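Residue strings, one per chain:
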Amino acid sequence: MYEYTSSKSLFERAQQSIPGGVNSPVRAFKSVGGTPLFIEKAEGAYLYDADGNRYVDYIASWGPMILGHAYRPVIEAIKKQAEKSTSFGAPTALEVEMAELIRSMTPNIDQVRMVNSGTEACMSAIRLARGYTGKNKFIKFEGCYHGHADMFLVKAGSGVATFGIQEVPGVTKGASQDTLVAPYNDLEAVKQLVADHKNEIAAIIIEPVAGNMGCVLPEKGFLEGLRKVCTQENMVLILDEVMTGFRLAKGGAQEKLKIDADLVTYGKVIGAGLPVGAFAGRREIMQHISPVGNVYQAGTLSGNPLAMSAGMALLKELNAHPEHYSELEAKTTYLRTGLEKVLAGMGIDHKINHLGSMITVFFSKAPVTDFASAAAACGETFKKFFHGLLKRGVYLPPSAFESWFLNNALTYDDLDFTINAAAETCREILN
Ligand SMILES: *Cc1c(COP(=O)(O)O)cnc(C)c1O
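Since the structure is predicted, the reported quantities are computational estimates derived from the model, not experimental observations.

(A) Up close: the domain arrangement of the protein chain. Entries for the protein chain in the domain assignment read domain 1 (5-70 + 322-430) and domain 2 (72-320). Contact between domain 1 and domain 2 buries roughly 3,100 Å² in total, counting both sides, with carbon and sulfur atoms accounting for 67%. Residue Lys256 pairs with Glu329 through a salt bridge whose shortest N-O separation is 3.5 Å. At the surface where domain 1 touches domain 2, the tally comes to 14 residue pairs in polar contact (both at pLDDT 80 or more). Broken down by secondary-structure element, the contributors of at least two residues to the side of domain 1 that touches domain 2 are helix H12 (323-345), strand E11 (351-355), strand E12 (358-362) and helix H13 (371-375). The element contributing the most residues to the side of domain 1 that touches domain 2 is E12, with four residues.

(B) Fine view of the pairing of strand E8 (residues 236-240). The buried count for E8 comes to five of five residues, which makes it a mostly enclosed element. By the alternation rule, side chains of E8 split into Val236, Ile238 and Asp240 and Leu237 and Leu239, which are all buried. With helix H8 (residues 222-233) bridging strand E7 (residues 201-206) and the parallel E8, this β-α-β connection has right-handed handedness. Here E8 runs beside strand E9 (residues 263-266); their pairing, made up of three bridges, is parallel. Bridging across to E9, Asp240 finds its partner in Thr265.

(C) Up close: the packing of helix H14 (residues 379-390) against helix H15 (residues 412-430). The contact between H14 and H15 brings their axes to 9 Å, and the two run at 130°. Classified by the interaxial angle, the pair formed by H14 and H15 is oblique. As for how H14 packs across H15, the hand of that crossing is right-handed. Here H14 contributes Thr381, Lys384, Phe385, Gly388 and Leu389 to the contact with H15, which in turn contributes Thr418, Ala421, Ala422, Thr425, Cys426, Glu428 and Ile429. The residue makeup of the contact of H14 with H15, split by class, is six nonpolar, four polar and two charged.

(D) The arrangement of unusual backbone geometry in detail. A cis amide bond, omega 10°, links Ser290 with the succeeding residue Pro291. Mapping Pro291 onto the fold places it in the loop between helix H10 (283-286) and helix H11 (305-320). In the Ramachandran plot, Trp62 falls in the positive-phi region, its phi being about 65° despite a non-glycine side chain. As for its position among the elements, Trp62 is in the loop between strand E3 (54-57) and helix H2 (72-82). The phi dihedral of Ala70 is positive, around 50°, even though this residue is not glycine. Residue position: Ala70 is located in the loop between E3 and H2.

(E) Region of the structure containing the sheet that holds E3. Strand order in the open sheet formed by four strands is E1-E2-E3-E13, and the pairing between neighbours is mixed. Two strands bound the open sheet, and with one partner strand each, they are strand E1 (39-43) and strand E13 (394-395). Bridge count for E3 against E13 is two bridges, and the pairing is parallel. From the neighbouring strand, Val56 faces E13, where its bridge partner is Val394.

(F) Structural context of the side chain of Ser309. For Ser309, the position within the fold is in helix H11. Those residues in contact with Ser309 that lie beyond four places of it in its chain are Ala77, Gln81 and Leu94.

(G) Just the environment of Ala423, in detail. On the secondary structure map, Ala423 appears in helix H15. Ala423 sits 35 residues away from Gly388 along the chain, and the two C-alpha atoms are 9.8 Å apart. With near-sequence residues (within four places) excluded, Ala423 lies in contact with Val342 and Met346.

(H) View of helix H7 (residues 187-196). Listing the buried residues of H7 in full gives Leu187, Val190, Leu193 and Val194. Each buried residue of H7 lies within a common arc of 120° when the element is viewed along its axis, so the set occupies one face. Buried-residue contacts for H7 involve strand E5 (137-141), strand E6 (179-182), E7 and H8. Where H7 starts, the residue carrying a side-chain oxygen 3.3 Å from the main-chain nitrogen of Glu188 turns out to be Asp186.

(I) Main features of the site of the ligand. Around the ligand sit Ser117, Gly118, Thr119, Tyr145, His146, Gly147, Glu207, Asn212, Asp240, Val242, Met243 and Lys268, and those are all the residues in its vicinity. Here Gly118 contributes a backbone N or O atom positioned 2.8 Å from an oxygen atom of the ligand. Side-chain polar atom of Asp240 to a nitrogen atom of the ligand: 2.7 Å apart, as the coordinates give it. In the complex, the protein chains occlude 84% of the 380 Å² of accessible area that the ligand would expose alone. Split by residue class, the shell around the ligand holds three nonpolar, six polar and three charged.

(J) Just the sheet that holds E9, in detail. Taken in spatial order, the seven strands make up an open sheet running E4-E10-E9-E8-E7-E5-E6, and their pairing is mixed. On the outer flanks of this sheet lie strand E4 (111-115) and E6, each paired with one strand and no other. The average undirected angle you get between the axes of adjacent strands in this sheet is 20°. Two elements, E5 and E7, share three bridges in a ladder whose sense is parallel. Looking at E7, one finds that Lys137 is bridged to Ile201. This element, helix H3 (residues 93-105), spans E4 and E9 of the sheet and lies at about 125° to E4.

(K) A look at the pairing of E9. Neither face of E9 is open: one carries Leu263 and Thr265, the other Val264 and Tyr266, and all of them are buried. Here E9 pairs with strand E10 (residues 277-281) via four bridges, running antiparallel. Bridged to Thr265 within E10 is Phe279.

Rules behind the numbers
Residues numbered from 1 in each chain as written. Predicted model: local features only at pLDDT ≥ 70, side-chain atom pairs only at ≥ 80, totals over all residues. Heavy atoms only, no water. Domains from an automatic or database assignment. Buried area = accessible area lost by both parts, 1.4 Å probe. Salt bridge = Lys/Arg side-chain N within 4 Å of Asp/Glu carboxyl O. Polar contact = N/O pair within 3.5 Å; in protein donor to acceptor, adjacent residues only side chain to side chain. Helix = DSSP H or I, 4+ residues; strand = E, 2+ residues; numbered from the N terminus. Buried < 20%, exposed > 50% of the residue type's maximum accessible area, 1.4 Å probe, protein only. Right-handed = clockwise from strand over helix to strand, strands pointing away. Pairing = 2+ DSSP bridges. Axes fitted to C-alpha atoms, helices over the stretch in contact; angles between N-to-C directions. Parallel < 35°, antiparallel > 145°, perpendicular 65-115°, else oblique. Left-handed = near helix turned anticlockwise from the far one by under 90°. Contact = heavy atoms within 4.5 Å. Nonpolar A, V, L, I, M, F, W, Y, C, P; charged D, E, K, R; others polar. Arc of directions from axis to C-beta. Near = heavy atom within 4 Å. Areas by Shrake-Rupley, 256 points an atom, 1.4 Å probe, with all protein chains shown as cover.

Rendered as structure tokens:
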């Protein structure tokens, strides 16, 4: 039986000095109950908490650790760069190399602007789309998360969905009135919004594979339909690849699903665990960003040399060895097959959604294709499943509305360990 003494006392202390004891809400375990684990260190596929317990990690820092924790080339790159100072506030060769590397790995990208988070990338992309088209409104999808900028906190996924927050205090009507929302996978609803707001919509922003309501896949023709509508109506198609970028393929969802974006946003993998984001796209649009154009966008630490070094070390490895993606896909399929066998064998209602190394188990009888069907899955079973796995040394995202992320340091023994832990947990749930 695991001991959580240190995590418990740290959480007590944390709540005194940090709101809710955490610096990002989902970490608090509020929706699953119990004490969040305070992590001491991580290596490869394993996390070690403050009590010295080891966990097989399926969060990967919410995505970035695609090749496992403390990946040597990344650590070495950070150490080497840190010796030269941590920031200059002036251009560096590293930023040029990073932009060139991103362009070489991904389709439809002429220019890249680095920022410090996925939130910043998405809010900048919307501003750019508005500035470029001269229109104000944009369409997003229920259950998708694009960071915590005011205009995105309407029917948002991730923590907003996890905590069931209907309306976020502090977000003004002014900030949210230009946000139009459609159900995921509902092309007709999008067409209706476009017809109702003729020549008012600047952009459609979407997670090409949703991960913030759990993993939800785009149905056949859906993204293609959005592409067509955007082209016809002079709207900018923004693929939010903060999760999927460099994870589903080196060219992200654009490559994996053969869908062309006008603008793309990145985060997570692109920074290898340092605070990084980027937005990128066609030259014609990107040229509206300052200092070339007047769409203002800036950042004291944007393109930070430590972050560029870390991100580049990871992206170079992924670029040089695309077999990481087929290995990850094979491991995820193996996990899925194992879990499906366990759940089906015990007669527990479930639907597993997966693409590449993103996967979610929904305790649902019906297929999960949008936020409504994700929200209809059984939250109580998820809680039990989560805690059953946790106490057996497997660390899942502490919310039913999140994708799990596999990393390529996971071995097949780790996957078997996980499947066995799931089997024991399910037996416990049924008793
Ligand atoms: C995580 C995430 C964001 C926000 O990124 P932060 O770095 O947390 O600000 C935006 N979009 C998607 C799809 C994400 O998964």
